[in-house]
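# A closer look at the structure
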2 protein chains.
Amino acid sequence: MSKLKIYILLVVFVATSSCAISQSHPKLILTKKGVNEIRAQLDKLPMLKSSFQQAVDLVDAEIKNGIEVPVPKDMAGGYTHNRHKKNYLVMQKAGVLFQITQNEEYAIYVRDMLMEYAKMYPTLGLHPANRSYAPGKIFWQNLNDANWLVYTSQAYDCVYDWLSANERRKLEKDLFRPFADHLSVDSPQFYNRVHNHSTWGNAAVGMIGFVMNDKELIDRAFYGLKSDNIKADQKDNDGGLIKMQNNGKAGFFAQLDFLFSPDGYYTEGPYYQRYAMYPFVMFAEAIENCKPEVKIFEYRDGLLVKAIQTLLNLTDVNGLFFPINDALKGMSYLSRELVSSVDIIYYFGGEDAGLLSVAEQQGQVMLDDSGLAVAKAIQSGKQKAYQKKSANYKDGADGEQGALGILRAGEGVNELCLVMKNTSQGMGHGHFDKLSFSLYDDKGEVLPDYGAARYVNIEQKFGGGYLHENKTWAKQTVAHNTVVVNGISHFGGKTDVGNQFHSEPYFFDADQENFQIISAKENNAYQGVKMHRTLALISDSRFEKPVLLDVFCVNSDSTQQYELPYHFKGQLLSTNYEYKRPEISKKMGESNGYQHLRLEAEGQAKNDNAKISWLANNRFYSITSYVSPDDNLQLVRIGANDPNFNLRQEPAFIIKKKPQKNAAFVSVVEVHGKYDRVTEFADNAFSSISKVELLFNTDKYTAVSFQDKKDNKWTLILANMDSDKDSKHQLEISGMNYKWTGAFHFVRAK
Amino acid sequence: MSKLKIYILLVVFVATSSCAISQSHPKLILTKKGVNEIRAQLDKLPMLKSSFQQAVDLVDAEIKNGIEVPVPKDMAGGYTHNRHKKNYLVMQKAGVLFQITQNEEYAIYVRDMLMEYAKMYPTLGLHPANRSYAPGKIFWQNLNDANWLVYTSQAYDCVYDWLSANERRKLEKDLFRPFADHLSVDSPQFYNRVHNHSTWGNAAVGMIGFVMNDKELIDRAFYGLKSDNIKADQKDNDGGLIKMQNNGKAGFFAQLDFLFSPDGYYTEGPYYQRYAMYPFVMFAEAIENCKPEVKIFEYRDGLLVKAIQTLLNLTDVNGLFFPINDALKGMSYLSRELVSSVDIIYYFGGEDAGLLSVAEQQGQVMLDDSGLAVAKAIQSGKQKAYQKKSANYKDGADGEQGALGILRAGEGVNELCLVMKNTSQGMGHGHFDKLSFSLYDDKGEVLPDYGAARYVNIEQKFGGGYLHENKTWAKQTVAHNTVVVNGISHFGGKTDVGNQFHSEPYFFDADQENFQIISAKENNAYQGVKMHRTLALISDSRFEKPVLLDVFCVNSDSTQQYELPYHFKGQLLSTNYEYKRPEISKKMGESNGYQHLRLEAEGQAKNDNAKISWLANNRFYSITSYVSPDDNLQLVRIGANDPNFNLRQEPAFIIKKKPQKNAAFVSVVEVHGKYDRVTEFADNAFSSISKVELLFNTDKYTAVSFQDKKDNKWTLILANMDSDKDSKHQLEISGMNYKWTGAFHFVRAK
């Protein structure tokens, strides 16, 4: 923590000793210099031109449509919500277009709309929906009001010099200053947290502060409110505690200090990180433009640059963010937040040529100095492929709250990527999924994470908000690919308890492309149960693609019921064991997510291996597991107890052990072959694995092996109590003597 | 029928008076002239070059792999099946490559493999699987053996001149002649039908006949066997009758006369038509090359050209064939059969420039004269967009066995297409789905046809064959979007009965782009029940996209239970009525497909309209139906009673009327809006329809209307007993007097 203190002291010094802020506009995101160059280069840079044209099309259509500033009424997804959201997006673009084209029509549109808001704002009480822990005035929650101000401050900056002093006075008095105050001094429970909500609030207040040259607001943005009276047990709508461990700090620098780990990982996960990035990078750009002496992009060892690079690496082959915690699937690095982030980090953060290929996929650039730089670099052919990598991203402000591990192996059609969640809880949006993993191939999800139960902005689904099933299903442990003990979710499904702990990364080694391994432990999710999972991606010419080896050991002094679900997608093709399908299908439990599952089939393995294969996306998948003939092998499906059809009815395979003290789940997951619906050829449709074995299992060592159909055998031995790279080990298994150095020993088939 | 007889006589004359067949090889598909030009142009024509290169890659890899000619053993999907299938595909390409490159390695590969077959063939009895009504020797069914010979005769043609006379003698004596005999004289139940199986048989025998210059085989190919002893009740594996109404004719010309309607529609549907086309077009090309005096492409008013054009029009926006009857989804005009068809029809059938854009999508061309012509035309930029159209394709050899109706409206993202099935049964692969329809938009299926229950060539699923559930679910009426009476499928689910009838097209009018309508009746599916359905695609600027109006009247003298299912895909968003979801889910019946359905929810409408909305492919969909508050509104899902997980668990909405004599189902189906997972914006997420009404319903007239939320009202009146275009009608409804001419009267909102 001593390093953090230095950062904070440094910034206090820098900010208080800052020189005067420039009086000339635009200065916030666009700069006078940038505008001039954009005008000069517009026709020469196709990406800039097409982004410009998109803005023109959007804004011109809205100008034609006329200004609508309705009295706030609806929740997310409803008319007034969508209209106000559109208004700020369009105003921001109209402001930029005014600067680039000097066409006054755009300035008039911004002014007239702002005047409508200035007329209405003083008449507004809190939003009538009354559903948020921190209600806005324009929207149901202050978060959206802060969005409005982050965008609208940019629009105001663009027309500032064009407006009359009287107009500016009216806008600032009736709209911007009370708006900023409502977000901050009137809503400390929203503003003075360390949280993405507060980041939006800080950025909103700071950005309008820069435009208005209001030092009090800028200070408030940087360092928060001096007092807030937030109670220790006060919670937000997601059940998250409002008062956090932040040494009493608040404001933008506190967000930078505490919201990210030193690796730039954001504890809520990439979906929220993506959302959170926009105020970070936009406000940072504004700070860099208005107060360059802060050197904001160098702050905390280049944290903002790291955060974007980490975020880009937390995506699958299609650029979709790994949907850990409360995440909506389909969100990707094509989002507007990432367009800004990539452009800004390219321009202010060292011109990494890999970012240009992401920008090319995004197909648009910011209409500012950073977008200009990206468009120019692409036009001169500087782009390189963006290289995603294996990485173990530390979680927690101090980097000591667990980690999110990514292993990537194979290339092209053979690409496989696994994400292992050994992090802290992730606050209110966190899921109870310690040591869980998800698997991706070159087509997307293989063993998925369910993500959140929510349809953002689809009004029919609970106004677009989090659904009841988000809590009762999506957050629960059984909704994830990890062990459930006694049918109860980790930490009893209690966020407050989960917040106190994090998993312990045990080791991570991705140095060899053809053998990558990650291992972690979790001893707090269940009292008296120790969990230790190791996942390895193994590339070998004898397999078509890398195979995944999963070794999950659970130990307790007393008898427990252990279950390990593997969620998959697609159509079951075959099992190597017989099962019964109940004629009548009913929910599998009353709580902890089981109330949303239906048992579709159950059976027992004939010997000590169970295999299922399925077909999805015209590809074959198999899991082969070491089991006991006593284990109950269940095929289940999501969808019970779902009164509003909110859940996706997806299948899972659950290995349910008979009650025991210690158990080891050992599985090999294969992605193999392909099916061509046009030629009707099926290639490599069968699993190559003939056997998976648990060879040895004590407190100190666990050894497993798997064989292919030609009896080639691969063996992995884990040292369970010593992760030191230099420790020497020796172990005899079935007459074979193994000697090695380090926490694991992999013996490849000859 | 008199016209048909003329065709037949004409051909008998042409064929028997034919001149001598050319003695020089290749002559069958490749010609000497073609080979020379391909060699000369190869480097100048990218599509030809890439098809050539694909062939080189495939064949070279196989040559490296070595020749494998295993003793036949496996069913479809198994090793010996796949290997022999690959062998004929590779031999055909190797032959072509020998001609183009003159590299003897290719000829040697073909010769050596043929010699292996010649060694093995005399030792083979019938295929050991013993599962087919007509077993092959190489494969489990003669159909696949015929495939083998159609391809291999091309390979033999290419190496014919290069082989020694001794080698040719051995191959013909030990392999080709007995092979052709097994397909024909030894298997009359396979060869002497009017059926796609026999077409393959005829083509195989004829093509090897041409190569061997064997007039007896050519005659046998053209006109079938003189006697066959097929019994009147003999059936094939699909339950299809072997003896058909074909005036005692057999052979290739009988197939041309009886398998297609005058519009080129093939009664089994496009999936089988696609499969059937290959022997038709390949043998036709061979005939054109070897006996041009037959003028095969002009036969029956250019039937083969029409058949391909019809087939191309029977596809959705992605080129996927409408999956009516036993059809596997995903099959498209990218299939190799369609590559040949498109090339051959372009070259021999009038050089329609629209075909070139299909060939471009296919990305490959035949390595023959026709592919050369296509590659040249594309290289010189002659291609035009392929224009799909609305059409009512007559079914039956005489064109009097019902029709398949296609309506297409809208363009680009607003494209909608409906397929209405008013055909004959479609033989053994036919489904019991009279008057059913399926709906497609620019993304694909909206209200789908289930297609077949089968995973072709996926051995885990019953050897890749038709699954039990194909009969118990996929063929049943409730699996389709049409009315089920008393829970029993059309014709009691009996193919023999269904084969005796066809639906009656009532009218079809696609002359106006913004109002297209199709109407048909079915009076035989249920004794004593008359069914009459009318479907209209209505384009109107007040709706985002065309809307579908569905009016389905059923009449009986006695009380019946009427149900209309709408199968959909995706996630239910909302209903305008309350429903209960049973806690326990069980099968909905014992037979007729109901044993595979589970009830997920049931409820009653509050008034006389029921609406459901759902989300799929990031788009919104709604059905609004005129109902009675007594109607049981069911949300169901496929998947009960499915021991092997063979079925896809897809949802359907069923309107179940309380028992009554006469009923009218009136619905409006909307495709609307979009959802963007990256911007998280939902546009036009709500149905625009405020009301659907049945205004009037007697034997003579049915009138319906629907309104949007602005109370604009559209009215459709149908004359039920007079489809004459010139008949004058007058009707008073609620004080309004309507006068019109023709079978329908559409009153658009002002």
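Residues numbered from 1 in each chain as written. Chains lettered and ligands numbered in written order. Predicted model: local features only at pLDDT ≥ 70, side-chain atom pairs only at ≥ 80, totals over all residues. Heavy atoms only, no water.

Below, the discussion takes up the interface of chain B and chain A. Each partner contributes residues to the interface: chain B has 57 residues there, and chain A has 57 residues. Carbon and sulfur atoms make up 52% of the area that chain B and chain A hide from each other, which totals about 4700 Å². Considering only the side of chain B, the residues that lose the most area to chain A are Gln-460, Phe-645 and Glu-680 of chain B, jointly responsible for 16% of the buried surface there. The tally of links between chain B and chain A comes to four salt bridges. (Contact = heavy atoms within 4.5 Å. Buried area = accessible area lost by both parts, 1.4 Å probe. Salt bridge = Lys/Arg side-chain N within 4 Å of Asp/Glu carboxyl O.)

Once that is clear, we can look at the sheet that holds strand β13 (residues 578-580) of chain A. Read across the open sheet, the six strands follow the order β6-β11-β18-β17-β14-β13 (chain A); overall the sheet is antiparallel. The open sheet has two edge strands, β6 (484-485) and β13 of chain A, and neither has a second partner. (Pairing = 2+ DSSP bridges. Helix = DSSP H or I, 4+ residues; strand = E, 2+ residues; numbered from the N terminus.)

Let us now look at the packing of aromatic side chains. Counting across every chain of the model gives 82 aromatic pairs over all chains. On the numbers, 6.2 Å between centres and 45° between planes, the contact of Phe-543 of chain B with Phe-706 of chain B is tilted. One end of the pair, Phe-543 of chain B, is in the loop between β9 (529-538) and β10 (547-556); the other, Phe-706 of chain B, is in strand β23 (residues 701-708), and 163 residues separate them in sequence. Both residues of the pair, Phe-543 of chain B and Phe-706 of chain B, count as buried. Three or more aromatic residues joined by ring pairs form one cluster here, namely Phe-210, Phe-222, Tyr-223, Phe-252, Phe-253, Phe-260, Tyr-266, Phe-280, Phe-283 and Tyr-299 of chain A. One Lys or Arg, Arg-454 of chain B, reaches over the ring of Tyr-466 of chain B and ends 4.4 Å from the middle of that ring. (Phe/Tyr/Trp six-rings, centres within 6.5 Å; stacked < 30°, edge-to-face > 60°. Buried < 20%, exposed > 50% of the residue type's maximum accessible area, 1.4 Å probe, protein only. Lys NZ or Arg CZ within 6 Å of the ring centre and 35° of its normal.)

Turning next to the confidence of the model for chain A. Residues and elements named next belong to chain A. Overall, the predicted model of chain A reaches an average pLDDT of 95, with 97% of residues at or above 70. Considering only residues more than four positions removed or in separate chains, one finds that residues 1-19, a stretch of pLDDT under 50, has 25 contacts. With pTM at 0.91, the complex prediction returns an ipTM value of 0.91. (pLDDT = per-residue confidence, 0-100.)

With that settled, the discussion passes to the relation of the copies chain B and chain A. Least-squares fitting of chain B to chain A yields an RMSD of 0.1 Å, with the transformation described by 0.1 Å of translation along the axis and a rotation of 180°. The superposition operator between the copies reduces to a two-fold rotation axis. In terms of C-alpha distance to the rotation axis, chain B has Ser-585 of chain B as its closest residue, with the C-alpha 2.4 Å off the axis. Mapped onto chain A, 100% of the interface residues of chain B are again interface residues, and the two copies thus contact each other with one and the same surface. (Least-squares fit on C-alpha atoms with pLDDT ≥ 70 in both.)

A separate point is the pattern of salt bridges. Under the counting rule described, the total for this entry stands at 74 salt bridges over all chains. Lys-73 of chain A is paired through a salt bridge with Asp-74 of chain A; the nearest N and O atoms lie 2.9 Å apart. For Asp-74 of chain A, a relative accessible area of 13% gives the class buried. Between Asp-642 of chain B and Arg-581 of chain A there is a salt bridge, with its nearest N and O atoms 4.0 Å apart. Of this pair, Asp-642 of chain B sits in the loop between β17 (632-638) and β18 (651-656) while Arg-581 of chain A is found in the loop between β13 and β14 (597-604), placing the two residues in two different chains. Arg-581 of chain A sits in the buried class, given a relative accessible area of 19%.

Following the criterion strictly, the structure yields four cavities of 30 Å³ or more and no others. One number sums up the size of the largest cavity: a volume of about 70 Å³. Arg-193, His-195, Gly-240, Met-427 and Gly-428 of chain A are, among the twelve residues lining the largest cavity, the residues nearest its centre. For the lining of the largest cavity, a count of residues per class yields three nonpolar, five polar and four charged. In this structure, the second largest cavity encloses a volume near 60 Å³. Contributing to the lining of the second largest cavity are Phe-543, Glu-544, Lys-545, Pro-546, Val-547, Glu-670, Val-671, His-672, Asn-684 and Ser-688 of chain B. Among the elements that line the lining of the second largest cavity, the one with the most residues is strand β19 (residues 663-672) of chain B, at three residues. Partitioning the lining of the second largest cavity into residue classes produces four nonpolar, three polar and three charged. (1 Å grid on protein atoms, 1.4 Å probe; cavity = no way out; pocket = protein on both sides within 12 Å on 5 of 7 lines; lining within 4 Å. Points joined across faces, edges and corners; volume = space filled by probe spheres on them. Nonpolar A, V, L, I, M, F, W, Y, C, P; charged D, E, K, R; others polar.)

On to the sheet that holds β18 of chain B. Residues and elements named next belong to chain B. One open sheet accounts for six strands, arranged β6-β11-β18-β17-β14-β13; its pairing is antiparallel. Because the sheet does not close on itself, it has two edges, and the strands there are β6 (484-485) and β13 (578-580). Strand direction decides the pairing type here: strand β11 (residues 562-567) and β18, joined by five bridges, are antiparallel. Its bridge partner being in β18, Pro-565 is matched across the sheet by Ile-654.

All right, on to the nonpolar core then. Formed by 150 residues in total, the largest nonpolar core has its most connected members in Trp-148, Tyr-156, Leu-175, Phe-176, Phe-283 and Ile-296 of chain A. What Phe-176 of chain A contacts, discounting residues up to four positions off in sequence, is Leu-114, Trp-148, Leu-149, Thr-152, Tyr-156, Leu-171, Ile-208 and Met-212 of chain A. In this structure, Phe-190, Ala-254, Ala-286 and Phe-297 of chain B belong to the second largest nonpolar core, which totals 147 residues. (Core = buried A, V, L, I, M, F, W, Y, C linked by side-chain atoms within 4.5 Å.)

Residues and elements named next belong to chain A. With an omega of -5°, the peptide bond between His-25 and Pro-26 qualifies as cis. Turning to its location among the elements, Pro-26 is positioned in the loop between α1 (2-16) and α2 (32-41). Here the phi dihedral of Asn-618 falls at roughly 60°; this positive angle occurs in a residue that is not glycine. Structurally, Asn-618 is set in the loop between β15 (609-616) and β16 (619-626). Unusually for a residue other than glycine, Asn-641 sits at a positive phi of about 55°. Residue placement: Asn-641 occurs in the loop between β17 (632-638) and β18 (651-656). By relative accessible area, which is 38% here, Asn-641 ends up partly exposed.

On to helix α10 (residues 215-223) of chain B. All names here are of chain B. Where α10 is concerned, the buried positions are Leu-217, Ile-218, Arg-220, Ala-221 and Phe-222. At the N-terminal end of α10, a side-chain oxygen is found 3.1 Å from the backbone nitrogen of Glu-216, two or three residues along, and the residue is Asp-214. Where α10 ends, the next residue or the one after it, Gly-224, has phi of about 80°, a positive value. (Polar contact = N/O pair within 3.5 Å; in protein donor to acceptor, adjacent residues only side chain to side chain.)

What follows deals with the pairing of strand β23 (residues 701-708) of chain A. All names here are of chain A. A large share of β23 lies buried, amounting to eight of its eight residues. Neither face of β23 is left uncovered, since the one carrying Tyr-701, Ala-703, Ser-705 and Gln-707 and the one carrying Thr-702, Val-704, Phe-706 and Asp-708 both have all their residues buried. Direction of pairing for strand β22 (residues 689-697) relative to β23: antiparallel, over a ladder of seven bridges. Opposite Ile-689, over in β23, you have Asp-708 as the bridge partner. Here β22 folds back onto β23, and the loop between the two strands holds three residues. Across seven bridges, β23 lies against strand β24 (residues 713-719) in antiparallel orientation. Looking at β24, one finds that Tyr-701 is bridged to Ala-719. Counted between consecutive antiparallel strands, the loop separating β23 from β24 contains four residues, among which Asp-711 sits at a positive phi close to 65°.

Residues and elements named next belong to chain B. Taken as a whole and judged by the stated rule, the model has zero disulfides over all chains. With no disulfide of its own, Cys-158 lies closest to Cys-290 among cysteine sulfurs, the gap being 12 Å. Taking the relative accessible area as the measure of exposure, Cys-158 reaches 4% and is therefore buried. (Disulfide = S-S within 2.5 Å.)

Each regular strand shows side chains that alternate between the opposite faces of the sheet. Residues and elements named next belong to chain B. The buried fraction of strand β24 (residues 713-719) is high, at six of seven residues. Pairing of β24 with strand β27 (residues 744-747) involves four bridges; the strand directions are antiparallel. Note on β27: the bridge partner recorded for Leu-716 is Phe-746.

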